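This is what each chain is made of:
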Amino acid sequence: MKKLGILAGVAGLAITAVLATSGVGSAADKKLEQLKAQGFARVAIANEPPYTAVAADGKVSGAAPDVAREIFKRLGVADIVASISEYGAMIPGLQAGRFDVVTAGLFMKPERCAAVAYSEPVLCDAEAMLVKKGNPKGFKSYQDVAKDTSATIGAPGGGTEEKLALNAGVPRERVIVVPDGQSGLKMVQDGRIDAYSLPVLSINDLMKKANDPNLEVIAPVQGAPVYCDGAAFKKGDEALRDAFDVELAKMKKSGEFAKIIEPYGFSAAAAMSTTREKLCSAK
Ligand code: 6CS
């Protein structure tokens, strides 16, 4: 029996050596080794609290980067370094190698799932609109904005809300691309747009900080889905994405995932009640 054991051991070693040189199964190690050597993962964010935020001193926070930082640490990558990007530029930037991963609340939708390798779900949210107090145009849905031929709605360029407004029939010229939350808030306050649309938690964060009694939040936007994001990796980095998912699953199970995202207002249960597969095949 012993002899058989030794033979099996030698064979095992030989197979491992072949696999290592052939590169089979080393895809994760290659990219992960590169990030470990780099000492950080380059992440794309939008600076839209509570999803992502950059303080005056440059410190990066927000639920998405905080989850990613913790997972990369567990994978042996010491930190993350963030670049602010418009939502519409995140996937092209990832594909061009400007970022190693998007951790920004980039909601999973079939067309995006075809372009990137998403992790399992992290942050889920409904959609909202910021309007003048009293909701003078009576908006409840994106269709309501479409029906009112004088109405304009602001949304992030390449973002989900822009797409929802256009798909609801709001003409291109009445969907105004807004670079960030503060600009959107100001444009509603100044009457330059009739509504500004972001996910509920982002609009609520703006509303709280603005402390302006002449504003109102419409949430959830009727007819709009609840979306969930995931960390978005470049196609070809699926092995690294899988390693990320292993740690994410452990943190979901241990309660550490909830400890990170729930103080920001997100629900761990919501993210754990669905899967990448379901979200990427949603109609
Ligand atoms: O995934 C998106 O397109 C949307 N996600 C967030 C967190 N904010 C706005 C953006 O349009």
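Residues numbered from 1 in each chain as written. Predicted model: local features only at pLDDT ≥ 70, side-chain atom pairs only at ≥ 80, totals over all residues. Heavy atoms only, no water.

**Q** What exactly am I supposed to notice about the environment of valine 60 here?
**A** Within the secondary structure, valine 60 is located in strand E3 (residues 60-61). In this structure the C-alpha to C-alpha distance between valine 60 and asparagine 47, which are 13 residues apart in sequence, comes to 8.7 Å. Non-local contacts of valine 60, meaning those with residues more than four positions away in its chain, are made with Ile45, Ala53, Val54, Pro65, Asp66, Arg69 and Ala82. (Helix = DSSP H or I, 4+ residues; strand = E, 2+ residues; numbered from the N terminus. Contact = heavy atoms within 4.5 Å.)

**Q** Would you mind showing me how to read the site of the ligand here?
**A** Around the ligand, the structure places 13 residues, and the nearest of them are Glu48, Phe107, Arg112, Thr160 and Glu161. Residue phenylalanine 107 places a main-chain N or O atom 2.8 Å away from an oxygen atom belonging to the ligand. When the ligand sits alone it has 300 Å² of accessible area, and the protein chains cover 100% of it. By residue class, the composition of the shell around the ligand is seven nonpolar, three polar and three charged. (Near = heavy atom within 4 Å. Polar contact = N/O pair within 3.5 Å; in protein donor to acceptor, adjacent residues only side chain to side chain. Areas by Shrake-Rupley, 256 points an atom, 1.4 Å probe, with all protein chains shown as cover. Nonpolar A, V, L, I, M, F, W, Y, C, P; charged D, E, K, R; others polar.)

**Q** Explanation requested: helix H8 (residues 181-189) in the structure shown.
**A** Residue pairs three or four apart in sequence face the same way in an α-helix, which turns once every 3.6 residues. Every buried residue of H8 is accounted for by Gly181, Gly184, Leu185, Met187 and Val188. Projected down its long axis, H8 carries its buried residues within an arc of 165°, all on one side. Of the surrounding elements, those touching the buried residues of H8 are strand E8 (127-132), strand E10 (175-177), strand E11 (195-199), helix H9 (200-210) and strand E12 (215-218). Phi for glycine 191, located one or two positions after H8, is positive at around 75°. (Buried < 20%, exposed > 50% of the residue type's maximum accessible area, 1.4 Å probe, protein only. Arc of directions from axis to C-beta.)

**Q** Hey, could you run me through the packing of aromatic side chains in this one?
**A** The geometry of an aromatic ring pair is captured by two quantities: the separation of the ring centres and the angle between the planes. Scanning the entire structure with this criterion turns up five aromatic pairs. Judged by centre distance (4.7 Å) and plane angle (70°), the rings of tyrosine 51 and phenylalanine 266 are edge-to-face. Separated by 215 residues along the polypeptide, tyrosine 51 in the loop between strand E1 (40-45) and strand E2 (53-54) and phenylalanine 266 in the loop between helix H11 (256-261) and helix H12 (268-272) bring together distant segments of the chain. Pair check on accessibility: tyrosine 51 and phenylalanine 266 agree, each one buried. Ring geometry for phenylalanine 107 versus tyrosine 227: centroids 5.4 Å apart, planes at 15°, classification stacked. With phenylalanine 107 in the loop between strand E5 (101-102) and helix H5 (110-113) and tyrosine 227 in strand E13 (residues 227-228), this pair connects stretches of sequence that are 120 residues apart. In this pair, the class of phenylalanine 107 matches that of tyrosine 227, namely buried. Grouped by ring-pair contacts, the aromatic residues Tyr51, Phe107, Tyr227 and Phe266 constitute a single cluster. Positioned over the ring face of phenylalanine 257 is lysine 252, at 5.5 Å from the centre of the ring. (Phe/Tyr/Trp six-rings, centres within 6.5 Å; stacked < 30°, edge-to-face > 60°. Lys NZ or Arg CZ within 6 Å of the ring centre and 35° of its normal.)

**Q** Mind showing me how you'd approach the state of the cysteines here?
**A** Throughout this description, disulfide means a covalent bond between two cysteine sulfur atoms. A complete count under the given rule lists two disulfides for this structure. Between cysteine 113 and cysteine 280 runs a disulfide, and the two sulfur atoms are separated by 2.0 Å. Judged by the torsion about the S-S bond (-75°), the cysteine 113/cysteine 280 disulfide is left-handed. Of this pair, cysteine 113 sits in helix H5 while cysteine 280 sits in helix H13 (residues 276-280); the two residues are 167 residues apart in sequence, bridging distant segments of the chain. Each member of the pair, cysteine 113 as well as cysteine 280, carries the same accessibility label: buried. Between the sulfur of cysteine 124 and that of cysteine 228 lies a disulfide, 2.0 Å long from S to S. Disulfide cysteine 124-cysteine 228: the torsion about the S-S bond is 105°, which places it as right-handed. Placement of cysteine 124 in strand E7 (residues 124-125) and of cysteine 228 in strand E13 is noted, with a sequence separation of 104 residues between them. Residue classification places cysteine 124 among the buried residues on the basis of a relative accessible area of 10%. Under the relative-accessibility criterion, cysteine 228 is labelled buried at 3%. (Disulfide = S-S within 2.5 Å.)

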